[in-house]
Every structure is written in C-alpha cells, then in structure tokens.
Amino acid sequence: SPVRTWWDTTSTPTESAPGVHGDPQLVLQRWYTYMVATLTTAMSPASLRRSGPLPRLPPVCAQMSDSAELSYRELQRACKAAGLPAVGKAGELRERLLAGAPPPPSRPEVLEGALLERCLEEEAVQLLDPAAKERVLGYVRALLRYNARTNVYARSSYDKLPFHVADSVTLGLMISEAATPSSSVLDLGSGSGLPSLLLAAVNPQMHVYALESKSRKTRFLAQAGAELRLPLYTPITANVHEFARVSFVDADFVTAKAFKPLPEVAPIAAACVGRRALLHVPVSEAQVRDISLAESQLLRRGRFVYYREAVVPARSLVKRRDFGGGGAGAAAV
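Keep in mind that this is a model prediction, so the values were computed, not measured.

### Things to note about the overall build of the chain
Phase 1 of the analysis: For the chain, the helix and strand inventory stands at 15 helices and 10 strands.
Phase 2 of the analysis: Looking at the chain as a whole, 45% of its 333 residues qualify as buried.
Phase 3 of the analysis: At a minimum sequence separation of 6, the contacts of the chain that also span at least 24 residues come to 71%.
Phase 4 of the analysis: When the accessible surface of the chain is totalled, it reaches about 16500 Å², and 54% of it is carbon and sulfur.

Right, here's the structure in full:
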C-alpha cells in the first residue's frame, strides 16, 4: 500500500508533504494521518482487506508532544491505523495514542464469556427459571455470532448489551404479571431483538410479533427465534406505516425500545393494533425530565423506567389484514 511503501522507504519527512513543517515528530504524525485518511477514503473495503493491516504508528509518534493539534477525526483515524480503539472523547484518544495502549481482548470467545457473565449478574436475569435463563443467554450467543458477519447491533456498544438485556427481561417479567394465557405482544422497530426476542424468551407461551423494516435484521430475528425454539415468535419485515395501512395485530401489549421520539410512538401503536392495548416504552431519567413525564405515567423497576399508555385502534379494521396466528419465520407485508 502507499502508506507502507512510504513508511518503508522514507526515514525523514520531505518538504513536499502537504501542509506540514517544523517539528519532525509532528511532521511524521501529520504525514501518517494524511496518508491513512486518503487511503480509507479512496479505497473500497475489499481493497483495504486485500492490502492487509496498516502498520502501527512508529514509536516516535508515541513521544509526540503536540498531538493537541490533531482534529478528532484525525485522532480516530490514527487510532484505527495503530490498531487501537477509536471510540471515546478526543482526550481519551489522544492519551491512548501517546500511551500506545494495546486494544482490549477481542477474541470472540473472550468477548462472549465476559458478556454472558455480566448478563448473569443482572438481577432480572437471576429471577428467571433455568430454562428462561438459558434462552436469554442463547440470545446473547446468537447475537454475537450473527453480528460477527452481519451488523445488526453496534459493536462499539457491546459494553452496554447487559444493561439492554436486563432492561428487556425486566419488561418481559412485567408483561407476564399482567398477561393472560391468550395475550400477545407487538414490538415496534425490533432491530436486533431488544426487547422482542427477550420478551418471547421470558414468555414462550405468548405470541410476540416483531415489526422491523430491515430484512437483514428480521433474518436474524427469525434465525434466533428458531434456535431458541420459540414457535410463537413472528418477525415481520415491513415499514410500520405501510404495515398499518394494510394490516393490524390484535395485541394486548405494544412495546418500542429506541424506536421513535416518545410523542410519536403512541399514534403509530394505535394505527397498528386491532383492539385496546397497553403501550410500554423503556425511557431514561433524562427523557422523564426533558418531556416532563408524570409519575402516574411511569412504571419503575429498580434502575429501569417504563412509560405506559393505553392505546385504542386509530383506524378502521375494514379491508385490513388481521396479522395473527403466530409461527416461526420472518413474514413480509
């Protein structure tokens, strides 16, 4: 690659380096960052893979005293080129470059073991019976395995996964307390299965419909549902507005996690249901303050908070399909 060739054949920067002068260490850092930025912008992912890993930053860069001049994007690119984590504030990236800290362990088995252990430590998971607990852990394994080749969950947010698992399991336990044997759930914007797959893992006897517009995500949902032996879990590939135009679900509960701004969720839920349902939306304390939500609208369980609202059908059911019956596998509208 041009970076490797330049680094192998040039011992000192030249006057032709674009926009650099003065301190040789800073010149070297600027040259390296400039070339990496050029490559990562101009080359396709396949070309980058064929070229192999970019060389680590030379030791002289770790002694650089003027890294404050680098922009945040330059710091990110320099971290990536050096094989260091590129997530965090500018100060953290700068310290990481200067210290030359190695990246955290990233072997799949190490990552999986650490995340499973943290999930097991969550109080909500500990309340589950052994079979439900194994389904929850099976979900985490399936997500990590699938996400290694197809992105359905941000890899930079793996450290937050145990929180979201516990949040979803807590919601599943709350719904099970209020549900009847014939109850069903519609989850809007299911994404990577938080909370829909975990609602089904906690309540395998309940029909759970997972509405998601991206087919690469519903493929994962269908695959994971089959692996976890959840025959009443049904992913639906459809945009929520298109789905509401031609279909509805006779759901007793509607959930939506990280789906839309809170004021928009209830109208969408009302358009998608065929009868009165209870809407449950996980919210943060910041949302509670910003939207000025009343305590009467909230359910609190430990550190988790849920907004609750009753919704009634907002559209006529005539000429619309009753999307019922359950069954594994992704369906499209």
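### Considering the side chain of histidine 280
Phase 1 of the analysis: Among the structural elements, histidine 280 can be located in strand E6 (residues 277-283).
Phase 2 of the analysis: We classify histidine 280 as buried; its relative accessible area is 5%.
Phase 3 of the analysis: Not counting chain neighbours up to four residues away, the residues in contact with histidine 280 comprise Leu171, Met174, Phe253, Val254, Thr255, Ala256, Leu299, Tyr307 and Arg308.

### Let's talk about the pattern of salt bridges
Pairing of side chains with opposite charge becomes possible as their charged atoms draw close.
Phase 1 of the analysis: A complete count under the given rule lists 9 salt bridges for this structure.
Phase 2 of the analysis: The salt bridge involving glutamate 134 is made with arginine 141; its shortest N-O contact spans 2.9 Å.
Phase 3 of the analysis: Here arginine 301 makes a salt bridge to glutamate 177, at a shortest N to O gap of 2.8 Å. On the criterion of sequence distance, the pair formed by arginine 301 in strand E7 (residues 298-301) and glutamate 177 in helix H10 (residues 161-178) is long-range, its members being 124 residues apart.
Phase 4 of the analysis: The exposure class assigned to glutamate 177 is exposed, which follows from its relative accessible area of 55%.
Phase 5 of the analysis: In this structure, a network of salt bridges that share partners links the residues Glu285, Glu295 and Arg300.

### Some details on the pairing of strand E1 (residues 184-188)
Phase 1 of the analysis: In terms of residue burial, E1 counts as a mostly covered element, since 5 of its 5 residues are buried.
Phase 2 of the analysis: Across the two faces of E1 the burial is the same, with Ser184, Leu186 and Leu188 and Val185 and Asp187 all buried.
Phase 3 of the analysis: Chirality of the crossover, the property in question, places the unit of E1, helix H11 (residues 196-202) and strand E2 (residues 207-212) among those that are right-handed.
Phase 4 of the analysis: Relative to strand E5 (residues 253-256), E1 runs parallel, the two being bridged by 4 bridges. The partner of aspartate 187 across the bridge, within E5, is threonine 255.

### Considerations on helix H9 (residues 130-147)
Phase 1 of the analysis: Between its first and last C-alpha, H9 extends 26 Å over 18 residues, near the 26 Å set by a 1.5 Å rise per residue.
Phase 2 of the analysis: Regarding H9, the residues found buried are Ala132, Arg135, Val136, Leu137, Gly138, Tyr139, Val140, Ala142, Leu143, Leu144, Tyr146 and Asn147.
Phase 3 of the analysis: For H9, the capping residue at the N-terminal end is aspartate 129, with a side-chain oxygen 3.0 Å from the backbone nitrogen of alanine 131.

### Describing the packing of H9 against helix H12 (residues 215-227)
Phase 1 of the analysis: The geometry of H9 relative to H12 is characterised by a closest axis approach of 10 Å and an angle of 140 degrees between their N-to-C directions. Comparing their axes, H12 and H9 come out oblique. Judged by the twist between their axes, the crossing of H9 over H12 is right-handed. Residues Tyr139, Ala142, Leu143, Arg145 and Tyr146 of H9 form the contact with H12, whose participating residues are Arg216, Arg219, Phe220, Gln223, Ala224 and Glu227.
Phase 2 of the analysis: For the contact of H9 with H12, a count of residues per class yields 6 nonpolar, 1 polar and 4 charged.

### Regarding the packing of H9 against H10
Phase 1 of the analysis: With their axes 12 Å apart at the nearest point, H9 and H10 run at an angle of 140 degrees to one another. Compared by their axis directions, H9 and H10 come out oblique. Our pair here, H9 against H10, has a crossing hand that is right-handed. Between H9, through Val136, Val140 and Leu143, and H10, the contact on the second element is made entirely by Leu161, Val165 and Val169.
Phase 2 of the analysis: For the contact of H9 with H10, the residue count by class is 6 nonpolar, no polar and no charged.

Conventions we followed
Residues numbered from 1 in each chain as written. Predicted model: local features only at pLDDT ≥ 70, side-chain atom pairs only at ≥ 80, totals over all residues. Heavy atoms only, no water. Helix = DSSP H or I, 4+ residues; strand = E, 2+ residues; numbered from the N terminus. Buried < 20%, exposed > 50% of the residue type's maximum accessible area, 1.4 Å probe, protein only. Contact = heavy atoms within 4.5 Å. Areas by Shrake-Rupley, 256 points an atom, 1.4 Å probe, with all protein chains shown as cover. Salt bridge = Lys/Arg side-chain N within 4 Å of Asp/Glu carboxyl O. Right-handed = clockwise from strand over helix to strand, strands pointing away. Pairing = 2+ DSSP bridges. Expected span 1.5 Å × (residues − 1). Polar contact = N/O pair within 3.5 Å; in protein donor to acceptor, adjacent residues only side chain to side chain. Axes fitted to C-alpha atoms, helices over the stretch in contact; angles between N-to-C directions. Parallel < 35°, antiparallel > 145°, perpendicular 65-115°, else oblique. Left-handed = near helix turned anticlockwise from the far one by under 90°. Nonpolar A, V, L, I, M, F, W, Y, C, P; charged D, E, K, R; others polar.

All quantities given are derived from atomic positions and should not be read as evidence of function.
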